[in-house]
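# Structural characterization, general
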Amino acid sequence: RAASGAAAAQLRRRLESELEDIRGAGTWKSERVIASRQGPHLRLAGGGAGACGGEEGSRCLPPVPCPCFSLSVPAGIINFCANNYLGLSSHPEVIRAAVEALEKFGAGLSSVRFICGTQSIHKDLEEKIARFHQREDAILYASCFDANAGIFEALLTPEDAVLSDELNHASIIDGIRLCKANKYRYKHMDMQDLEAKLKEAQKHRLRLVATDGAFSMDGDIAPLREICQLAHKYDALVFIDECHATGFLGPNGRGTDELLGVMDKVTIINSTLGKALGGAAGGYTTGPKPLIDLLRQRSRPYLFSNSLPPAVVGCASKALDLLMESNAIAQSMAAKTQRFRSKMTAAGFTISGKDHPICPVMLGDARLASVMAEDMLNRGIYVIGFSYPVVPKGKARIRVQISAVHSDEDIDRCVHAFTEVGRKHGALP
Ligand code: PLP
C-alpha cells in the first residue's frame, strides 16, 4: 500500500528523480535471474525455451556432458561470472552437510552470539578456520563486510594509524571510516608511496597496513612480500582481506600469504565464507588470540547482529574439511586459469592481472563491453561488462572468472565465443 501525505509524495518524487539520474548516467545495475543451482552451467529465467529440458522460459544450450555437481541442470549457460571459485556451492557433500546441520541444530538462533546464539558448530568452525590459516584463533561474522566494518574501530584509536591501498574493497574503506585512527591512503600497490606514508606515520603509536590480498576488479595480487618488508622496517602490522584468495591461492589454497611465502608475517586476515568456501554467506577474522578476544567484546557487527545460521555453518565447515583433506581442488584452479589466460592472449585480447582466476578482458569502451557481454550470453556464455564508476573511465572490461569445475571444453568454448564476438564488434581485427 502506498503511503499518503505530502512528505511521502515529496520522497517519492526525489527517489524517482535520483533513479532517473542513475539510468541517465548509464550506471544502472540490473540483475539476471538464475533458475538453477550455481554451477559452471546454469539456467537463466525468462530467456526463451531451450533444448536442455529445463523449465519453460529458461535459456540454455543444447545438451553437453555436464562436469558440474548440479546434476539437476543437464546443460545450460556456461557461467563465467561467479566467485564460486572451487565449485563447492553445489558440491553434494557441502549440500548434505548443510541439510544435516539444519536438521540437528535448527534454522537459526534468533539471537546474537553472546546472549543465546553460540552452538558447538560455531566454535568448531572458528577452530577450523584458525587451523586452516595457521593462526591462533578466529571469530565469525554474518559477512566479511561485517568483519571489515568491525575490526578497525575495535582495534585502532586516535593514537594509531591505518595505511590503506586506494583500491581496497568498499567494506575496508567503510570500516576505516568508522574508526578514529589517523588515515593514510597509498597509491594502488605502489611501494614507494607506501614507504613515504609509513615514514609520515612514524609519529603514531601503532601502524596497520590494510590491503586486499587479491583485487577483484583487476585480478591483481598485492605485493605482500614487499609490503611485509616495509612493515618490518617501519614497525607496522599487516592486515589482508582474502575474499578473493581463500581456498585457492597458494599450494594448499591458504591464500595470498601462502602464495607469497609470508604466512608468518601477516598479522590479521579477514575473509568470507560466501565465495570459494561453499558460497553461502558469512565472514571471519583470524589472527592473534587477544585480538579475537577483544573483537568478541568490542566489535559492533559481532555484538549486535544475529549468529550465523547452522546450515550456513555446515556448508563452510564441510568446504574447509574438503580443502584440508587434499589440495587437489585448490591446485586444479591454477591450470584452468592458465589455459584461459594464454588462449585469450594468443587470440589477441589483453587480460589484466596475473595468475588469478579473475581474468578481466580489457576493452576500454563501456558500450563495447556491454554489447559484447550481451552477445556472449546469446552464445551461452554468462559474463558481465564493468564500466565507470565501478572501474575507472576508459577502462571498461568484461570480467571472466574461472572456476575449478569448468572443464577444458567450457574454457575453450568461452575463448571461441570471445573470438567471434570480438571480431564482430571490432575488438579484434
Ligand atoms: N572484501 C572483498 C574484497 C570482497 O570482494 C567482498 C565481497 O564482494 C567483501 C569483502 C564482502 O564479503 P561478504 O560478501 O562476505 O560480505
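It should be noted that the structure appears before, not after, this text.
What counts, and where the lines are drawn
- Residues numbered from 1 in each chain as written.
- Predicted model: local features only at pLDDT ≥ 70, side-chain atom pairs only at ≥ 80, totals over all residues.
- Heavy atoms only, no water.
- Helix = DSSP H or I, 4+ residues; strand = E, 2+ residues; numbered from the N terminus.
- Buried < 20%, exposed > 50% of the residue type's maximum accessible area, 1.4 Å probe, protein only.
- Contact = heavy atoms within 4.5 Å.
- Areas by Shrake-Rupley, 256 points an atom, 1.4 Å probe, with all protein chains shown as cover.
- Lys, Arg positive; Asp, Glu negative; His and termini not counted.
- Charge placed at Lys NZ, Arg CZ, Asp CG, Glu CD.
- Near = heavy atom within 4 Å.
- Polar contact = N/O pair within 3.5 Å; in protein donor to acceptor, adjacent residues only side chain to side chain.
- Core = buried A, V, L, I, M, F, W, Y, C linked by side-chain atoms within 4.5 Å.
- Domains from an automatic or database assignment.
- Pairing = 2+ DSSP bridges.
- Phe/Tyr/Trp six-rings, centres within 6.5 Å; stacked < 30°, edge-to-face > 60°.
- Lys NZ or Arg CZ within 6 Å of the ring centre and 35° of its normal.
- Expected span 1.5 Å × (residues − 1).
- Arc of directions from axis to C-beta.

## A few points about the overall build of the protein chain
Check the secondary structure of the protein chain and you find 15 helices and 16 strands. Taking the principal axes of its C-alpha atoms as reference, the protein chain extends roughly 60 × 60 × 50 Å. Within the protein chain, buried positions represent 52% of all 429 residues. By sequence separation, contacts in the protein chain at least 24 residues apart represent 68% of the contacts at least 6 residues apart. Total accessible area on the protein chain stands at roughly 19,400 Å², and carbon and sulfur atoms take up 52% of it. Computed over 51 positive and 48 negative side-chain charges, the inter-centroid distance for the protein chain is 3 Å.

## Comments concerning the site of the ligand
By nearness alone, 13 residues border the ligand, and Cys144, Asp241, His244, Thr272 and Lys275 come closest of all. Histidine 244 has a polar side-chain atom sitting 2.8 Å from an oxygen atom of the ligand. One nitrogen or oxygen atom from the side chain of threonine 272 is found 2.7 Å from an oxygen atom belonging to the ligand. Taken by itself the ligand offers 390 Å² of open surface, and the protein chains cover 81% of this.

## Side note on the side chain of serine 299
Within the element layout of this structure, serine 299 appears in the loop between helix H10 (289-298) and helix H11 (300-303). By relative accessible area, serine 299 is classed as buried at 0%. There is a polar contact of 3.2 Å between the side chain of serine 299 and the backbone oxygen of glycine 150. Not counting chain neighbours up to four residues away, the residues in contact with serine 299 comprise Tyr141, Gly150, Ile151, Ala154 and Leu294.

## A short note on the nonpolar core
One finds Phe340, Ile398, Val400 and Phe418 to be the most contacted residues of the largest nonpolar core, which totals 84 residues. In terms of residue count, the dominant contributor to this core is helix H12 (residues 310-325) (eight residues). Three or more residues apiece are contributed to this core by two domains, here domain 1 (92-325) and domain 2 (327-428). If we ignore the near neighbours within four places in the chain, the residues touching phenylalanine 340 are Cys359, Val400, Ile402, Ile411, Cys414, Val415 and Phe418. Phe152, Ala181, Phe239 and Leu295 belong to the second largest nonpolar core, which has 20 residues in total.

## Side note on the pairing of strand S11 (residues 283-287)
Of all five residues that make up S11, five are buried, and the element is covered over most of its length. Residues Gly283, Thr285 and Gly287 point to one face of S11 and Tyr284 and Thr286 to the other, with burial holding for every one of them. Note that strand S3 (residues 137-141) and S11 share five bridges and pair antiparallel. Its bridge partner lying in S11, tyrosine 141 is registered against glycine 283.

## Structural notes on the packing of aromatic side chains
Counted under the stated rule, the structure contains four aromatic pairs. Ring geometry for tyrosine 141 versus tyrosine 302: centroids 6.0 Å apart, planes at 70°, classification edge-to-face. Taken as a pair, tyrosine 141 in strand S3 and tyrosine 302 in helix H11 lie far apart in primary sequence, 161 residues in all. For the pair tyrosine 141 and tyrosine 302, a shared accessibility class is recorded, and that class is buried. Taking the ring centre of tyrosine 382 as reference, the NZ or CZ of arginine 32 above it sits at 4.8 Å.

## Things to note about helix H13 (residues 328-347)
The α-helix winds at 3.6 residues per turn, so residues separated by three or four positions along the chain end up facing the same way. The terminal C-alpha atoms of H13 lie 29 Å apart, and with 20 residues this matches the ideal 28 Å at 1.5 Å per residue to within 8%. When H13 is considered as a whole, its buried residues turn out to be Ala330, Met333, Lys336, Thr337, Phe340, Arg341 and Met344. Down the axis, H13 shows its buried residues gathered within 130° of arc, on one side only. Opposite its buried face, H13 presents the exposed residues Ala334, Ala335 and Ala346, each directed more than 90 degrees away. On the buried face of H13, the contacting elements are strand S12 (350-351), strand S13 (358-364), strand S16 (396-401) and helix H15 (408-424). After H13 finishes, the residue glycine 348 shows a positive phi value of roughly 110°.

## Examining the environment of glutamate 325
Along the polypeptide, glutamate 325 turns up in helix H12. As a C-alpha pair, glutamate 325 and arginine 296 span 29 residues in sequence and 30 Å in three-dimensional space.

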